[in-house]
Amino acid sequence: MAHLFPKKLSVALCAVFATGLAHAEVVTTDEVNVSAGTITENAPASTVVSRKRIDREMIRDMRDLTRYEQDLGLQEEGRYDKGFTMRGVEGNRVGILIDGMSMPDFEDNTLYARYGYMNTSRPTVDPELVSSIGIDRGSNSVNTGSGAVGGSVMFNTLRPEDVVEEGKEFGALGRIGYATKNREWLKTVSAAWNTDSWTALALYSHRYGHETKSLGEGPEYYESKAQHPNPTKKTTHSYLLKLRKRFNDEHSVGLNVNGSKMNREMDARNVYDFQNWAFANDTTERHQGTLDYTYAPYGDYLNKVKVYGEALWVDTQAVTTLLDSGWMGWNQGEIDDNKDRRFNTKVGRLTMEAQSAPIELFGEHNFEGRVFASVKDFKNINEDYLGGATSVYTIQRPMRTVDKGIVLSDNIFFHPELIDGHDTTVAVRLGTRLEHSKIKPQPLNAPCSHACQQIDPKVIVPKSFLNKAFSLGIDVEMDHQYKVGYNIATGFRNPGATELYFSFFNWSGTWLPNPNLTSEKSLTQNLFVQVDNRIGHLNVNAYKIDYKDFLFESEGNRVVYDAGGGMRNVWTMMMVNQESAYLHGVEASGALNLDIFNQKLKGAKLVGSVGYAKGRTNDDLGLLAVQPLKVIFGLDYEHPSKTYGIYARGTYLGEKKARDTIRVNDDWRIPSPTAPTKWRNKAAYVFDLFGWYSPKKNVTIRAGVYNIMNKRYQTWDALRGINQNSKSAKLDTKALGLERYYAPGRNYNVTLEVKF
């Protein structure tokens with residue numbers, strides 16, 4: 001076990017266990033069932049980020065969400081955020097759900113990513129629209145389907161009761177805030193109505209900001225040696241509408257519509273391409289809606305039946321304008337090239353779910369079931385302006401994916417007689433999912449680029465996947481204070497349209513499609529102990545995950561047929577199911593209420609958490625997405641009168657070890673077949689202070705100062721996105737560009753909220 005618990009981790013664990021320190025928002029799995037369509041709990045490593053915490057810590061974006069979370073990061077790559085990292089995997093292997101609906105995967109590969117001309121960001125939601133966030137670590141495909149190989153992040157939008165105070169029928173709020181790290185203004189207005197027969201909510205939020213600052217220094221502002229972030233203007237419009245009509249205690253109909261449009265204009269100074277300056281204009285737009293009918297008799301056998309239809313529309317666009325830099329003084333500032341890249345995804349889904357009343361049969365059974373069918377259409381369209389001419393084309397065929405499935409679960413509770421005077425409950429949680437998916441290539445929506453026209457059309461055939469997932473959890477709770485248990489669950493991810501069918505033909509290098517790919521899979525096992533009582537709470541998880549059939553870019557010489565039927569030996573790339581991997585780790589968290597020592601300390605608590613993980617592939621290579629050692633410690637105080645609260649946090653960010661970043665070397669000039677990643681973060685301590693004050697019942701001022709000591713540090717998530725084969729995420733030969741990857745220095749955040 002020595003390799004699992006290094007010295008620094010042992011010291012950190014001892015500190016947590018000795019003082020009962022932990023993250024104050026740790027919750028039990030019983031609180032995780034928060035996502036529409038999520039009908040069973042999974043691993044106890046799950047947490048819920050409440051609206052209270054979102055406001056308290058002023059979580060303004062997804063990076064803020066990861067600040068005090070163990071094993072949760074954000075994958076950054078050039079101009080775009082590619083989703084979350086969790087349990088050693090990232091991107092499409094971590095599910096993102098908004099009100100129970102899965103966000104589509106990004107369609108990307110290293111061939112086109114290196115140019116940086118495509119907006120392959122994964123859509124998320126503005127935290128202003130969010131009531132709670134469920135973070136489910138580990139395999140979770142029973143609940144969320146394809147994509148939950150390493151876990152899921154589930155956003156749940158605001159409810160009318162989040163705006164309307166108890167005992168009232170109408171409520172409204174206004175919020176305005178400013179953050180110095182990116183000079184961003186936030187403005188939100190919302191109104192809600194809550195009666196016995198009607199509930200309604202309307203919200204609009206607007207953001208206007210700039211690039212996130214860096215503590216990087218130096219005189220260089222251009223090309224890959226740029227030492228400062230690219231100047232950026234970012235505007236986001238978000239909205240949320242909810243309406244529900246209750247006909248009586250049993251029957252109701254509801255409508256939920258939400259969405260956002262984010263536009264980012266960037267002077268891409270770090271990109272200098274053949275005497276051209278680059279300017280980027282990126283747009284990410286998402287709209288989704290749900291219409292449901294709910295029958296809730298809460299009878300002897302049936303609690304609830306719900307039928308709902310959902311629609312999702314996501315459009316990501318990247319417009320890159322290249323201006324002539326005036327080589328030799330000619331045509332300075334004229335448009336030399338304009339590249340417009342767009343991906344569009346539309347999803348429609350119909351679902352019926354049912355929940356039984358508690359049934360006594362050798363224990364108390366709570367059965368739930370769900371059947372669903374969905375259709376997803378994906379397409380790409382490109383428009384280029386070059387040399388005075390415009391061309392419209394696509395780089396791959398449109399794809400239609402049809403999913404059908406069934407999910408069943410049973411939560412069983414046994415209440416044995418008192419054991420040695422202790423009230424004991426044994427819970428067994430069972431879940432299973434069967435899902436069939438079929439991807440069908442569709443007729444071209446535009447002329448196909450010259451590259452993909454070279455591919456044999458016989459490989460562009462429909463592809464089907466049949467996946468089964470299961471989860472099993474057993475826990476024993478005593479006196480409503482102590483719990484110990486074990487969970488096991490599986491996850492899967494189907495290959496995307498790009499991985500199956502994308503092609504690019506060139507005699508110097510060719511990308512081949514591979515319709516023979518299979519689904520990626522994972523198996524998570526978790527042991528946990530939880531304590532929650534008057535003294536405080538403690539939560540310890542030890543876990544192991546096995547991954548197999550990872551999709552991997554394989555390179556090598558292969559025989560390729562040209563358009564005339566001739567054969568050539570060409571350097572090719574294609575996706576294959578090749579890698580397997582494992583990950584094991586431990587997380588500990590808790591809190592110690594200080595009023596157990598003195599009643600004058602009521603409302604004060606020590607808090608903290610620690611997380612450590614280690615993983616390797618079957619080739620003994622490091623899993624780059626594994627987060628380094630992270631320790632959080634602090635002191636919270638909330639006045640018993642509920643008029644103010646203040647919170648202090650310290651974070652230790654461990655360095656990423658070279659041995660954990662060894663990968664196959666992709667530079668033919670270096671004879672070594674493997675080498676560690678060149679740029680890795682160093683260890684750092686960061687301190688924050690934030691709090692809130694309510695001078696009146698309905699007025700709240702929140703403020704915070706982050707990185708108080710103005711520490712110069714870099715995170716592993718930021719450095720991992722450096723790609724020397726790309727145009728937008730590379731460094732020069734002297735690595736001067738590393739300066740722009742420093743985190744923000746001392747920065748402030750303030751918000752004023754008024755409720756009516």
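Everything quoted here is computed from the prediction, not taken from an experiment.

1. Considering unusual backbone geometry
Despite not being glycine, Arg87 has its phi angle at roughly 50°, a positive value. In this fold, Arg87 is placed in the loop between strand S3 (80-86) and strand S4 (89-90). Here Glu223, not a glycine, exhibits a phi torsion of approximately 65°, which is positive. Residue Glu223 is classed as partly exposed on the basis of its relative accessible area, which comes to 32%.

2. Some remarks on a nonpolar patch on the surface
Nonpolar side chains collect at one region of the surface, where Val307, Leu350, Met352, Val371, Ile406, Leu408, Leu434 and Leu466 lie side by side and expose about 680 Å² of accessible area between them. At the level of elements, strand S16 (335-356) and strand S20 (399-414) are the ones that each hand at least two residues to the nonpolar patch. Relative to the assigned elements, Val371 resides in strand S18 (residues 364-386).

3. A few points about the sheet that holds strand S6 (residues 101-102)
Taken in spatial order, the five strands make up an open sheet running S1-S7-S8-S5-S6, and their pairing is mixed. The sheet terminates laterally at strand S1 (47-50) and S6, the two strands that pair on one side only. Sheet topology places S1 next to strand S7 (residues 130-137); four bridges connect them, and they run antiparallel. Residue Ser50 lies in a different strand from S7, and its bridge partner there is Ser132.

4. Considerations on a negative patch on the surface
Negative charge collects at one region of the surface, where Glu169, Asp196, Asp249 and Glu250 lie side by side. Its place among the elements puts Asp249 in the loop between strand S12 (232-246) and strand S13 (251-272).

5. A short note on the packing of aromatic side chains
This model, assessed by the stated rule, comprises 10 aromatic pairs. With a centroid separation of 6.1 Å and an interplanar angle of 50°, the aromatic rings of Tyr637 and Tyr644 are classed as tilted. Judged by its relative accessible area of 32%, Tyr644 is partly exposed. Taken together, a centroid distance of 4.9 Å and an interplanar angle of 50° make the contact between Tyr652 and Tyr685 tilted. Here Tyr652, found in strand S30 (residues 644-653), pairs with Tyr685, found in strand S33 (residues 684-696); they are 33 residues apart in sequence, far enough to count as distant. By relative accessible area, which is 10% here, Tyr652 ends up buried. Each residue in the set Tyr68, Tyr647, Phe690 and Tyr706 is aromatic and connected to the rest through ring pairs, giving one cluster.

6. Quick look at the pairing of strand S28 (residues 604-617)
The element S28 is extensively covered by neighbouring structure, given that 12 of its 14 residues are classed as buried. As judged from the eight bridges shared by S28 and strand S29 (residues 630-638), these two strands associate in the antiparallel manner. Looking at the pairing, Gly608 lines up with Phe633 of S29.

7. Concerning the confidence of the model for the chain
Across the chain, the average pLDDT comes to 86, with 87% of residues at or above 70. The low-confidence segment residues 327-331, where pLDDT is below 50, has three contacts with residues more than four positions distant or belonging to other chains.

8. Overview of the nonpolar core
Counting 43 residues, the largest nonpolar core has Leu65, Phe84, Ile133, Phe155 and Tyr547 as its most contacted members. Per-element accounting of this core gives the leading share, four residues, to strand S26 (residues 536-561). When neighbours within four sequence positions are excluded, Leu65 is seen to be in contact with Val49, Arg53, Ile59, Leu72, Phe84, Ile133, Ile135 and Phe155. By size, the runner-up hydrophobic cluster in this structure holds 20 residues, among which are Tyr112, Ile439, Phe465 and Phe504.

What counts as what
Residues numbered from 1 in each chain as written. Predicted model: local features only at pLDDT ≥ 70, side-chain atom pairs only at ≥ 80, totals over all residues. Heavy atoms only, no water. Helix = DSSP H or I, 4+ residues; strand = E, 2+ residues; numbered from the N terminus. Buried < 20%, exposed > 50% of the residue type's maximum accessible area, 1.4 Å probe, protein only. Patch = residues over 30% accessible without salt bridge, like charges linked within 9 Å, V, L, I, M, F, W, Y side chains within 5 Å. Areas by Shrake-Rupley, 256 points an atom, 1.4 Å probe, with all protein chains shown as cover. Salt bridge = Lys/Arg side-chain N within 4 Å of Asp/Glu carboxyl O. Pairing = 2+ DSSP bridges. Lys, Arg positive; Asp, Glu negative; His and termini not counted. Charge placed at Lys NZ, Arg CZ, Asp CG, Glu CD. Phe/Tyr/Trp six-rings, centres within 6.5 Å; stacked < 30°, edge-to-face > 60°. pLDDT = per-residue confidence, 0-100. Contact = heavy atoms within 4.5 Å. Core = buried A, V, L, I, M, F, W, Y, C linked by side-chain atoms within 4.5 Å.

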